[in-house]
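Close look at the chain arrangement
Letter by letter, the chains look like this.
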2 protein chains.
Amino acid sequence: MTTITAKTNIMIPLSLTKGERVLGVVVPLTGTREPKASLQLLFDLVNDDMGAVNRIIIDKARSDVDLIPELARHLIDSGGKRLRPMLTIAASRMCGYEGEEHVRLAASVEFMHTATLLHDDVVDESDMRRGKKSARILWGNEASVLVGDFLLGQAFKMMVQVGSLEALRILSDAAAVIAEGEVMQLVASKDTETTEDEYLAVISAKTAALFSAAAEVGAVLGERPKAEQAALRSFGRNLGIAFQLVDDVLDYSGDQAQLGKSVGDDFREGKITLPVVLSYRRGDDTNRKFWRRTLQEGDIRDGDLEEAIRLVQEHGAIRDTVERARHYGSIAQDALAIFPETNYKAALLDAVAFSIERLH
Amino acid sequence: MTTITAKTNIMIPLSLTKGERVLGVVVPLTGTREPKASLQLLFDLVNDDMGAVNRIIIDKARSDVDLIPELARHLIDSGGKRLRPMLTIAASRMCGYEGEEHVRLAASVEFMHTATLLHDDVVDESDMRRGKKSARILWGNEASVLVGDFLLGQAFKMMVQVGSLEALRILSDAAAVIAEGEVMQLVASKDTETTEDEYLAVISAKTAALFSAAAEVGAVLGERPKAEQAALRSFGRNLGIAFQLVDDVLDYSGDQAQLGKSVGDDFREGKITLPVVLSYRRGDDTNRKFWRRTLQEGDIRDGDLEEAIRLVQEHGAIRDTVERARHYGSIAQDALAIFPETNYKAALLDAVAFSIERLH
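Residues numbered from 1 in each chain as written. Chains lettered and ligands numbered in written order. Predicted model: local features only at pLDDT ≥ 70, side-chain atom pairs only at ≥ 80, totals over all residues. Heavy atoms only, no water.

1. Focus on the overall build of chain A
- When helices and strands are tallied, chain A shows 15 helices and 4 strands.
- Taking 360 residues into account, the globule formula puts the C-alpha radius of gyration at 21 Å, and chain A, at 21 Å, falls close to it.
- C-alpha extents for chain A along the principal axes are approximately 65 × 50 × 35 Å.
- Sorting the 360 residues of chain A into buried and exposed places 59% on the buried side.
- Long-range pairs, those at least 24 residues apart, make up 73% of the contacts in chain A with a sequence separation of at least 6.
- Within the structure as shown, chain A displays about 14,400 Å² of accessible surface, and the carbon and sulfur contribution to it stands at 49%. (Helix = DSSP H or I, 4+ residues; strand = E, 2+ residues; numbered from the N terminus. Rg over C-alpha atoms; globule rule 2.2 N^0.38 Å. Buried < 20%, exposed > 50% of the residue type's maximum accessible area, 1.4 Å probe, protein only. Contact = heavy atoms within 4.5 Å. Areas by Shrake-Rupley, 256 points an atom, 1.4 Å probe, with all protein chains shown as cover.)

Laid out in structure tokens, this is it:
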């Protein structure tokens with residue numbers, strides 16, 4: 001195991017095996033290291049705090065109306081990675097924050113995300129979410145809309161309890177931007193002529209805004225200067241874009257079923273994602289007709305998913321979407337350059353590498 | 001025209017004809033007067049401030065995504081009375097608040113209400129809203145869900161701009177309670193055995209919580225003592241319950257089509273409201289079978305609405321729902337007793353009388 005000597009003279013293992021305990025303190029690292037495509041360091045560093053986040057999540061999803069905790073439980077147990085709240089925890093700690101309010105903000109971020117998923121599934125008429133039946137299939141569209149509203153309300157209540165108007169500003173801005181992005185996607189959806197720029201505007205709003213806010217509030221809690229707040233905002237935003245682009249690629253990758261995301265979901269729902277945008281532009285008339293028939297007109301036949309996967313490969317659309325993801329990933333990593341080398345920074349850099357390399 | 005002498009020796013007309021201008025200042029009134037069942041004094045007092053509220057509403061519903069202002073415009077023009085934001089304006093002024101932030105809070109309150117209406121229509125599968133086609137019929141369920149989310153996001157952004165953590169606490173609590181009430185109603189809906197208490201719990205959450213918050217924040221802006229804040233909270237809550245009960249009655253009143261609400265909407269949507277709760281309990285087996293068939297099983301035939309209207313009359317369910325509304329209306333009016341007699345207080349007392357007497 002590689003180890004590095006921390007300035008405190010305590011030997012800190014850089015690569016930890018699962019279960020090893022790392023205290024939630026910022027440990028300065030000497031020199032730089034190559035980011036690893038792994039969430040292990042992040043998991044280990046935020047483990048205790050995430051335990052507290054999970055307790056708050058369960059507590060705040062409680063209600064005398066049984067349907068609410070039932071449905072919330074389904075989502076909580078459905079095994080998301082909780083990347084967004086982990087960003088809030090790690091960014092706060094990296095910024096030297098020593099209080100406990102980051103736990104509440106992290107739980108708010110996860111509730112905002114969960115509320116979005118619930119409403120998304122209704123809008124997209126999704127039957128599956130993370131390899132399980134979606135809430136709207138199990139409990140109906142009505143419950144999904146209303147429990148989403150409830151979780152959003154709880155998220156705002158928690159943020160208000162934290163008492164930072166600046167954090168409230170950042171997160172409520174994000175809430176409005178996310179919703180605007182969703183409407184944008186609804187309008188653009190099924191339009192195969194969407195440009196790459198238009199698509200980027202959609203995912204900047206609907207995905208990257210929450211990553212950005214989740215990271216930025218860490219600097220607010222740590223009472224860091226504006227430059228560091230801006231750095232974390234940029235880090236989150238670019239990581240969010242990279243993350244979404246890789247998600248887009250995974251949907252056209254035959255061998256990724258084990259990640260919990262079913263291959264072909266986006267295709268079946270007629271979603272225009274970057275692989276499609278690129279493939280449509282690079283294809284010939286027959287190819288374009290195929291994309292219009294399947295995604296625009298929703299006429300999907302046997303073998304069409306296989307043909308779609310073949311086309312995005314043939315046109316280099318998968319390769320170049322990954323290329324784009326790497327581009328945004330680099331911006332995210334560079335954004336953190338102004339922070340000193342600490343274990344938390346290393347974990348955040350690793351998270352970027354992981355978000356991209358999870359493809360393989 | 002009745003006039004009373006204000007302490008400032010300026011003659012203030014108590015009853016104003018439309019168009020007469022009343023400055024937005026608290027005018028102390030000598031002695032008490034009987035509340036009038038009219039919104040005219042309230043309209044006149046808040047007229048200028050509501051102009052500012054409407055400008056903010058239009059401004060904050062703006063977006064590069066055309067669908068958002070289009071849909072918002074539809075709602076803005078659909079002629080709601082804007083009772084909730086008027087409560088915020090009048091309560092703030094009654095509490096001596098002289099700033100301008102009450103306009104932003106009032107607009108937030110209206111956005112929260114509008115977002116709820118959009119989501120409600122999706123959940124209830126309503127085709128009409130205030131006598132016009134509902135947004136979900138014109139733009140689809142997806143747009144209604146997402147634009148609702150957008151308006152809620154904008155509401156929180158505005159509240160954060162106001163910068164009062166206490167007002168934020170009150171309004172975010174209300175948001176969570178409203179959503180919880182909606183879920184409660186979803187679970188209870190179509191259950192003809194719902195008790196009066198259960199029904200009251202639903203409308204306390206889904207309707208009264210926003211009335212309550214809308215009034216209470218006035219005391220917060222005016223920096224009034226806790227007792228006055230509690231008084232306005234109680235005023236709003238009880239007014240909200242009375243208002244909802246009268247709405248319930250209107251849905252079974254044949255001659256109220258001119259109010260913009262179609263008679264029989266609740267019946268057709270299978271909604272259990274207090275007239276039904278009372279009629280079901282007081283009816284015989286044949287009556288109960290009728291309610292179960294129509295509301296629980298959704299099997300509605302020609303002539304059923306007329307039969308339902310006959311039953312709620314026959315069982316005194318309409319008369320007693322109105323009686324209940326008067327009870328809550330009285331509590332609302334008494335809650336304001338601790339405030340000095342001013343034109344704003346008179347307007348709020350009138351609003352309670354109007355909410356009940358609009359039946360006739």
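On we go from here.
2. Points about the interface of chain A and chain B
- The interface is formed by 36 residues belonging to chain A together with 36 residues belonging to chain B.
- Buried area between chain A and chain B, both sides added, is near 3,200 Å², and the carbon and sulfur share of it is 81%.
- On the chain A side of the interface with chain B, the three residues burying the most area are A:Leu146, A:Leu165 and A:Val183, jointly 17% of the side's total.
- Counting the contacts that link chain A with chain B gives 2 salt bridges.
- As a salt-bridge pair, B:Asp173 and A:Lys157 come within 3.7 Å of each other at their nearest N and O atoms.
- Across the contact surface, chain A and chain B share 4 residue pairs in polar contact (both at pLDDT 80 or more).
- Counting residues per element, the ones that place at least two in the side of chain A that touches chain B are helix H2 (67–76), helix H4 (101–124), helix H6 (141–162) and helix H7 (165–188) of chain A.
- Ranked by residue count, the leading element in the side of chain A that touches chain B is H7(A), at 14 residues.
- Looking at the side of chain A that touches chain B residue by residue, the classes come out as 21 nonpolar, 6 polar and 9 charged. (Buried area = accessible area lost by both parts, 1.4 Å probe. Salt bridge = Lys/Arg side-chain N within 4 Å of Asp/Glu carboxyl O. Polar contact = N/O pair within 3.5 Å; in protein donor to acceptor, adjacent residues only side chain to side chain. Nonpolar A, V, L, I, M, F, W, Y, C, P; charged D, E, K, R; others polar.)

3. Quick look at helix H12 (residues 285–296) of chain B
All names here are of chain B.
- Within H12 the residues assigned to the buried category are Asn287, Phe290, Trp291, Arg293, Thr294 and Leu295.
- Where the residues of H12 are buried, they touch helix H10 (265–268), helix H11 (274–282) and helix H13 (304–314).
- Between the side-chain oxygen of the N-cap and the backbone nitrogen of Thr286 there are 3.1 Å, and the N-cap of H12 in question is Asp284.
- Count one or two residues on from H12 and you reach Gly298, which has phi positive near 70°.

4. Examining the relation of the copies chain A and chain B
- Expressed as a screw transformation, the operator carrying chain A onto chain B has a rotation angle of 180° and an axial translation of 0.0 Å, and the superposed copies differ by an RMSD of 0.0 Å. Such a combination of rotation and displacement between the chain copies is what one expects of a two-fold axis.
- When the interface residues of chain A are mapped onto chain B, 100% of them again fall at the interface, so both copies present the same face. (Least-squares fit on C-alpha atoms with pLDDT ≥ 70 in both.)

5. Overview of the nonpolar core
- One finds A:Phe235, A:Trp291, B:Phe235 and B:Trp291 to be the most contacted residues of the largest nonpolar core, which totals 247 residues.
- Apart from the residues within four sequence positions on either side, B:Trp291 is in contact with B:Thr192, B:Tyr252, B:Phe267, B:Val276, B:Ser279, B:Tyr280, B:Gln296, B:Ala308, B:Leu311 and B:Val312. (Core = buried A, V, L, I, M, F, W, Y, C linked by side-chain atoms within 4.5 Å.)

6. Concerning the pattern of salt bridges
- The tally for this structure, following the rule as stated, stands at 52 salt bridges over all chains.
- Of the charged contacts, one joins A:Asp299 and A:Arg301 as a salt bridge, the two residues approaching to 2.8 Å between their closest N and O atoms.
- Here B:Glu216 and B:Arg233 are joined by a salt bridge, their closest N and O atoms 2.7 Å apart. Of this pair, B:Glu216 sits in helix H8 (residues 196–221) while B:Arg233 sits in helix H9 (residues 226–250); the two residues are 17 residues apart in sequence, bridging distant segments of the chain.
- Each member of the salt-bridge network shares a partner with another, and the members are A:Lys157, B:Glu166, B:Arg169, B:Asp173 and B:Lys226.

7. Regarding the packing of aromatic side chains
All names here are of chain B.
- Inspection of the entire model under this criterion finds 11 aromatic pairs over all chains.
- Relative to Phe243, the ring of Phe211 has its centre 5.3 Å away and its plane inclined at 45°; by these criteria the two rings are tilted. Placement of Phe211 in helix H8 and of Phe243 in helix H9 is noted, with a sequence separation of 32 residues between them.
- With relative accessibility at 6%, the residue Phe243 sits in the buried group.
- With a centroid separation of 6.4 Å and an interplanar angle of 75°, the aromatic rings of Phe267 and Trp291 are classed as edge-to-face. Of this pair, Phe267 sits in helix H10 while Trp291 is found in helix H12, placing the two residues 24 residues apart along the sequence. (Phe/Tyr/Trp six-rings, centres within 6.5 Å; stacked < 30°, edge-to-face > 60°.)

8. Points about the side chain of B:Ser355
- With respect to the element layout, B:Ser355 can be found in helix H15 (residues 343–357).
- Residues in contact with B:Ser355, not counting those within four places in the same chain, are B:Leu83, B:Leu239, B:Phe243 and B:Val246.

9. Re the side chain of A:Ser134
All names here are of chain A.
- Relative to the helices and strands, Ser134 is located in the loop between strand S4 (132–133) and helix H5 (135–139).
- On the basis of relative accessibility, which here comes to 1%, the residue Ser134 falls in the buried class.
- Apart from the residues lying within four places of it in its own chain, the contact partners of Ser134 are His74, Asp121, Ser126, Asp127, Met128 and Arg129.

10. Considering helix H1 (residues 40–60) of chain B
All names here are of chain B.
- If you check H1, its first and last C-alpha atoms are 28 Å apart, about what 21 residues at 1.5 Å a residue would give, namely 30 Å.
- Within H1, the axis deviates most sharply at Asn47, by approximately 65°.
- Among the residues making up H1, those that are buried are Leu41, Leu42, Asp44, Leu45, Val46, Asp49, Met50, Ala52, Val53, Ile56 and Ile57.
- For H1, the secondary structure elements touched by its buried residues are helix H2 (67–76), helix H3 (83–94), helix H4 (101–124), helix H6 (141–162) and H15. (Expected span 1.5 Å × (residues − 1). Bend = angle between axes of the 7 residues up to and from the residue.)

11. So, the environment of B:Leu45
- Considering the arrangement of structural elements, one finds B:Leu45 in helix H1.
- A relative accessible area of 3% means that B:Leu45 is categorised as buried.

12. Brief notes about a negative patch on the surface
- A contiguous patch of negative charge on the surface is contributed by A:Asp191, A:Glu193, A:Asp197 and A:Glu198.
- The topology assignment puts A:Asp197 in helix H8 (residues 196–221). (Patch = residues over 30% accessible without salt bridge, like charges linked within 9 Å, V, L, I, M, F, W, Y side chains within 5 Å. Lys, Arg positive; Asp, Glu negative; His and termini not counted. Charge placed at Lys NZ, Arg CZ, Asp CG, Glu CD.)

13. Remarks on the packing of H3(B) against H9(B)
All names here are of chain B.
- For the pair H3 and H9, interaxial distance at closest approach is 12 Å and the crossing angle is 155°. Judged on the interaxial angle alone, H9 and H3 are roughly antiparallel. As H3 runs across H9, the sense of the crossing is right-handed. Contact residues: H3 offers Leu83, Arg84, Leu87, Ala91 and Met94, while H9 offers Leu232, Phe235, Leu239 and Phe243.
- Considered class by class, the residues forming the contact of H3 with H9 number 8 nonpolar, no polar and 1 charged. (Axes fitted to C-alpha atoms, helices over the stretch in contact; angles between N-to-C directions. Parallel < 35°, antiparallel > 145°, perpendicular 65-115°, else oblique. Left-handed = near helix turned anticlockwise from the far one by under 90°.)

14. Description of unusual backbone geometry
All names here are of chain A.
- The backbone of Arg82 shows a phi angle near 60°, a positive value even though the residue is not glycine.
- Along the chain, Arg82 falls in the loop between H2 and helix H3 (83–94).
- In this structure, Glu125 is a non-glycine residue whose phi angle is positive, near 55°.
- Residue position: Glu125 is located in the loop between H4 and strand S3 (128–129).

15. Comments concerning the environment of B:Asp320
All names here are of chain B.
- Relative to the assigned elements, Asp320 resides in helix H14 (residues 317–335).
- Using a relative accessible area of 13% as the deciding quantity, one classes Asp320 as buried.
- Sequence separation of Asp320 and Met86 is 234 residues, and the distance between their C-alpha atoms is 29 Å.

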